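Chains, contacts and geometry: an overview
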Amino acid sequence: MPRFPYETVDVFTDKPFGGNPLAVFTDAHGLSDAQMQALAAEMNYSETTFVLPPEDPANDARVRIFHRTAEMPFAGHPNVGTACVLARHGRDRGGVLRFEQMAGLVEIAVERNAAGEVTGAVIAAPQALSLGIELPAEGVAACAGLGAGDIVTTAHKPVQASLGVKFVLAQVGPEALGRAAPDLAAFRKLEGRNPELEGRLSLFLYARDGHAVRARMFAPLAGTWEDPATGSASATLGALLLSLDGGDEAAYTITQGVEMGRPSLLNVTSRRAADGYRSRVGGACAPMFRGEALL
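Residues numbered from 1 in each chain as written. Predicted model: local features only at pLDDT ≥ 70, side-chain atom pairs only at ≥ 80, totals over all residues. Heavy atoms only, no water.

Within the chain one finds six helices and 18 strands. The globule rule puts the C-alpha radius of gyration for 295 residues at 19 Å, and the 18 Å found for the chain is close to it. In terms of its C-alpha atoms, the chain occupies a principal-axis envelope of roughly 55 × 40 × 35 Å. In the chain, which comprises 295 residues, the proportion classed as buried is 56%. Across the chain, every contact between residues at least 6 apart in sequence was considered, and the portion connecting residues at least 24 apart equals 63%. Within the structure as shown, the chain displays about 12100 Å² of accessible surface, and the carbon and sulfur contribution to it stands at 52%. Computed over 26 positive and 33 negative side-chain charges, the separation of the two mean positions in the chain equals 1 Å. (Helix = DSSP H or I, 4+ residues; strand = E, 2+ residues; numbered from the N terminus. Rg over C-alpha atoms; globule rule 2.2 N^0.38 Å. Buried < 20%, exposed > 50% of the residue type's maximum accessible area, 1.4 Å probe, protein only. Contact = heavy atoms within 4.5 Å. Areas by Shrake-Rupley, 256 points an atom, 1.4 Å probe, with all protein chains shown as cover. Lys, Arg positive; Asp, Glu negative; His and termini not counted. Charge placed at Lys NZ, Arg CZ, Asp CG, Glu CD.)

Here it is as structure tokens:
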């Protein structure tokens, strides 16, 4: 019976049972697309990754990312967690890993402590900031069980944005952030009325105090009622904020997962580049389980 080893880690935390759990299948050679999707659904985490040989030997791996119902072109915590797992197996080159993904090449810098132990990683999002449609405040508010007046539109309206994977970013007040709860019917209604979303409606709500940000992410249509740490959305938010605030570079600390009892800390650095606004996102990573799938 074929055996496929996997490891799990908690990402964007330095302590077990915090952050965002991730399952990493360290050698996915021989798994079909359908088996990868079935395994991701079985693991029931926000995402599961599958490590394959790179198409270009200059890179370190081809990494496929699946959430419970579909494959992702790019995601934050799966890249940080996968990099930490592979680096603990000695598969980095001088503290750097390069992953081939649907959205492009992702470069990861591995972080180690004074004893040489892997403690975390920082990834560079594969694309510059792109903006999509704006959505009505009342529709976005309904998705989170809030009123239209809870949506802060001083800096921007709720907008679809991406650095490789699309999110709807919306600012709310701190008190409203704590009250938010996803309304599945409202998600279906808003998604159905906006075909430009292309079937993807992941809502990233945030409240900010300068460069300190609190956030929550809801994607119930994709099987994630709430996500404890969303690296790709955090990186996208950093790029958006820099584009609105002005300047060439800025750093943001984003706290997420508090309401779920899984506090997460994400460090985002955004910069103005020749092709637009780009971001890096990183954080710590705690090892959890090891096992095998028997297929």
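Moving on from the coordinates now.
Let's shift gears to the domain arrangement of the chain. Segmentation of the chain into domains returns domain 1 (3–122 + 284–294) and domain 2 (130–274). Across the contact, 20 residues belong to domain 1 and 18 residues belong to domain 2. Roughly 1300 Å² is buried in total at the junction of domain 1 and domain 2, and carbon and sulfur atoms are behind 50% of that figure. If you look at where domain 1 meets domain 2, you find one salt bridge. Close ionic contact of Asp10 with Arg262 constitutes a salt bridge, the shortest N to O distance being 3.3 Å. Seen at the junction of domain 1 and domain 2, the total is eleven residue pairs in polar contact (both at pLDDT 80 or more). Mapped by element, the contributors of at least two residues to the side of domain 1 that touches domain 2 are strand 1 (3–11), strand 2 (20–25) and helix 2 (76–88). When the residues that make up the side of domain 1 that touches domain 2 are grouped by side-chain class, the tally is nine nonpolar, nine polar and two charged. (Domains from an automatic or database assignment. Buried area = accessible area lost by both parts, 1.4 Å probe. Salt bridge = Lys/Arg side-chain N within 4 Å of Asp/Glu carboxyl O. Polar contact = N/O pair within 3.5 Å; in protein donor to acceptor, adjacent residues only side chain to side chain. Nonpolar A, V, L, I, M, F, W, Y, C, P; charged D, E, K, R; others polar.)

It is worth spelling out the pairing of strand 15 (residues 224–227) at this point. Across two bridges, strand 14 (residues 212–219) lies against strand 15 in antiparallel orientation. The residue of strand 15 that forms the bridge with Ala219 is Thr224. The antiparallel pairing of strand 14 with strand 15 creates a hairpin that spans four residues between the two strands, and Gly223 there sits at a positive phi of about 95°. (Pairing = 2+ DSSP bridges.)

Attention now goes to the pairing of strand 13 (residues 203–209). Judged by how many residues are buried, strand 13 sits mostly within the fold: five of seven residues are covered. Sheet analysis places strand 12 (residues 166–172) next to strand 13, joined by four bridges and oriented parallel. Paired with Val168 across the two strands is Leu203, which belongs to strand 13. Across seven bridges, strand 13 lies against strand 14 in antiparallel orientation. When the sheet's bridge partners are listed, Arg208 is paired in strand 14 with Val213. Hairpin connection from strand 13 to strand 14: two residues lie between these consecutive antiparallel strands, with Gly210 at a positive phi of about 65°.

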